[in-house]
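Chain by chain, the residues:
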Amino acid sequence: MRINRSLARWVAIPAVCFITTCTPLLAQPPSLDVPASSLKNGLTKTDEDKIRQYVKYYIGIIRNAKNDKQLRNGRVGLVEGYRRYGDSTYFQYTCARISAEEGKAALKEFTDPARQINLAMAFSSMSQVSIQSVLEAMIVHENPAVRYFGWRGYYGIRRSVLAQDAQYTSKMFASIAKAARDEDSPPVFGQMLQVMDLTSSGAGVDAKTLTDAQARLVAILDKHWRKWCLQVRAGDDEMSAACGVGVRLLPKLAPGVIAKDKKNKAKLLQMTINMAMAAAQAYQVAEQRIALENQTAEAKLAAQRVLEANATLLVDCEAALNALAATNEKVITRALTGAGVPPPRWAQVQREVLDWADELKKEGVVAPPFPPPKPPTTAPATATAPATAPAAGN
């Protein structure tokens, strides 16, 4: 998993901040022994009671933790309990359901980020549709790290949700649409985009359901795409990284939307060209900013991050254009990395993006709608240095 600066800041929570509440715990974890007959044929009320006691016990470990080790013990206990009988769908479905029921109350109760995050990390590992209700609470939580792990959990069940009835699918699509509109954290946004990757139907999903889902997702992307382009164009390097996920999605979602209407191919190509120009203009400003004199090392580092993030995004855009147009051009990539490109490199990059748009006129593509950016005259007022990636995901 790529852990960027924001995510690192979220999960590197010092244990010295913990405020504990005293809830008595059993000296030993409750038994989670379930008879083989239940695992094969369905759980009894007694089996469910055992699972609930076990889940409550390890949520209690997180509630009362006084250090990182105890937090991890609680998190790992929940995950290992869920995985105890990995070959029994009856058990895992029920364990995830009970974890969701108990977890929603705990998420409301816990006020410090460390407890919230460890609980969220545990639930994100339970890949059963019965966990959906707590994931829904997680993706709207005030803590962005909890939202991140909520979408990470949704990624694990997205195809299973698609195989369910409208009760499950409507929630997922409504939540994706809301996050596309409102989410202001690039790492969370990027993780949400990964949930849109419905490249195969999975068990129990017919071709029409998959095609309809792909079309709905492209409509959500298209509605907000210009806003995201403008954020990339403004030099938000974390947004550039997140939008790379969106660009890579377009060819994967193409079969569904093009099957519905061949004109949608032009829409996907236009979205990709627009993002490519947004990235090319952010690349331009970053390259120009790096060349400015009298800058701090911190400011130059910030500009370098923008440059590199948008170079990666531009490569993603060209790969998407090739996939959508059934070509194999590498002109943007060569402009970015090739030897002998006359300075400034950004000028050649933008020429290649415009050449792509010109070549795709026959598909209905027009020139990107962004005017040339103003050259920078000073370095940014502030810049955030990268944080060290934590080991919280162990």
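Residues numbered from 1 in each chain as written. Predicted model: local features only at pLDDT ≥ 70, side-chain atom pairs only at ≥ 80, totals over all residues. Heavy atoms only, no water.

Q: Explain the nonpolar core to me, and be specific about the residues and the numbers.
A: Residues Met275 and Leu314 are the most contacted members of the largest nonpolar core, which totals 119 residues. Residue contributions to this core peak at 13 residues, all from helix α13 (residues 264–291). Setting aside residues no more than four positions away along its own chain, methionine 275 makes contact with Trp225, Trp228, Cys229, Val232, Cys243, Val247, Leu313 and Cys317. (Core = buried A, V, L, I, M, F, W, Y, C linked by side-chain atoms within 4.5 Å. Buried < 20%, exposed > 50% of the residue type's maximum accessible area, 1.4 Å probe, protein only. Helix = DSSP H or I, 4+ residues; strand = E, 2+ residues; numbered from the N terminus. Contact = heavy atoms within 4.5 Å.)

Q: Describe in detail helix α3 (residues 45–64), supporting the description with residues and values.
A: In a regular helix each residue adds 1.5 Å, so 20 residues correspond to 28 Å; α3 covers 28 Å between its end C-alpha atoms and thus fits that length. Those residues of α3 that fall on the buried side of the exposure criterion are Asp47, Ile51, Tyr54, Val55, Tyr57, Tyr58, Ile59, Gly60, Ile61, Ile62, Arg63 and Asn64. Its buried side turned inward, α3 meets α2 (36–41), α4 (68–82), α5 (89–109) and α6 (113–123). (Expected span 1.5 Å × (residues − 1).)

Q: Describe in detail unusual backbone geometry, supporting the description with residues and values.
A: Along the chain, proline 343 connects to proline 344 via a cis peptide bond; the corresponding omega equals -5°. Structurally, the position occupied by proline 344 is in the loop between α15 (331–337) and α16 (345–359). Not every positive phi belongs to a glycine, and asparagine 294 is a case in point at roughly 60°. Within the fold, asparagine 294 resides in the loop between α13 and α14 (297–325).

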